[in-house]
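Take a look at the letters that make up each chain.
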Amino acid sequence: IQKIPSINGVANMAEVLEENALFKYADRQQVGVMKGVSLNYSGISGIDTMMIDGQFKLKHGDINLAVVGQGVAYKLGLNINFADPMFVYMPKRTEEYSLNPEKAFNKDYLYPSGIFSIPPDFDAKYILVPISFARKILEYTNEVTSIEIKLKPNADLQSVQLQVQKL
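This is a predicted model, so every value here is computed, not measured.

Conventions and cut-offs
- Residues numbered from 1 in each chain as written.
- Predicted model: local features only at pLDDT ≥ 70, side-chain atom pairs only at ≥ 80, totals over all residues.
- Heavy atoms only, no water.
- Core = buried A, V, L, I, M, F, W, Y, C linked by side-chain atoms within 4.5 Å.
- Buried < 20%, exposed > 50% of the residue type's maximum accessible area, 1.4 Å probe, protein only.
- Helix = DSSP H or I, 4+ residues; strand = E, 2+ residues; numbered from the N terminus.
- Polar contact = N/O pair within 3.5 Å; in protein donor to acceptor, adjacent residues only side chain to side chain.
- Contact = heavy atoms within 4.5 Å.
- Phe/Tyr/Trp six-rings, centres within 6.5 Å; stacked < 30°, edge-to-face > 60°.
- Lys NZ or Arg CZ within 6 Å of the ring centre and 35° of its normal.

1. Re the nonpolar core
Here is step 1: Among the nonpolar cores identified, the biggest contains 24 residues, and Phe23, Met34, Leu78, Met86 and Val88 are the most heavily contacted of them.
Here is step 2: Looking at this core, the elements that each hand over two or more residues are strand 1 (10–25), strand 5 (63–69), helix 2 (70–76), strand 6 (86–91), strand 7 (105–116), strand 8 (126–130) and helix 5 (131–138).

2. Overview of the side chain of Lys35
Here is step 1: The topology assignment puts Lys35 in strand 2 (residues 28–37).
Here is step 2: Taking relative accessible area as the criterion, Lys35 reaches 5% and is therefore assigned buried.
Here is step 3: A polar atom in the side chain of Lys35 sits 2.7 Å from the side chain of Glu148.
Here is step 4: Apart from the residues lying within four places of it in its own chain, the contact partners of Lys35 are Val16, Leu17, Glu18, Tyr41, Phe122, Tyr126, Ile127, Leu128, Val129 and Glu148.

3. Examining helix 5
Three- or four-residue spacings in an α-helix give side chains the same orientation, since the helix completes a turn every 3.6 residues.
Here is step 1: Here helix 5 lies mainly inside the structure; 6 of its 8 residues are buried.
Here is step 2: Against the buried residues of helix 5 lie strand 1, strand 2, strand 5, strand 6, strand 7 and strand 8.
Here is step 3: Count one or two residues on from helix 5 and you reach Glu139, which has phi positive near 65°.

4. Considering the packing of aromatic side chains
Here is step 1: Under the defined criterion, the tally for this structure stands at 4 aromatic pairs.
Here is step 2: Ring geometry for Phe116 and Phe122: centres 5.9 Å apart, planes at 50°, overall tilted. Each member of the pair, Phe116 as well as Phe122, is classed as buried.
Here is step 3: Seen in terms of ring centroids, Phe122 and Tyr126 are 4.0 Å apart; in terms of plane orientation they differ by 10°. Their pairing is stacked.
Here is step 4: Judged by its relative accessible area of 9%, Tyr126 is buried.
Here is step 5: Three or more aromatic residues joined by ring pairs form one cluster here, namely Phe87, Tyr109 and Tyr111.
Here is step 6: The ring of Phe87 carries Lys107 above its face, with NZ or CZ at 4.8 Å from the centroid.

What follows is the structure in structure tokens.
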């Protein structure tokens, strides 16, 4: 992973850790996809240009923030006001089976900082969170599910793909 930015044609990259999760905001809940991303993700994806409310911000000091898809925000009745946290529930990987649901799940919270709108199949199920938050709630240390790469203008896509495959 550390060698990817040095490949000729790569402008930048972001680590991603994606997993299904349960989101809860106030008295509503929704199953969706938590996408943990590197803090430089907006420069890779351009998602900061698709914001319809708030801003693309994943951290405020030590406070974890979430950027929420418009469909998820609608289903949860989410409001960008920093007053109410959004909770994320994830089944524990290291616990034995338990009849007590409180012991079966990791639970953590973050505050919504913005809402994005892109094609409904994405914004109806995704929230973007700091990758450090995703790793903590998933009980991981440095794992990723994918790497998103932004190419330099006029980069040779096939050449970059071959070099990434070699790594």
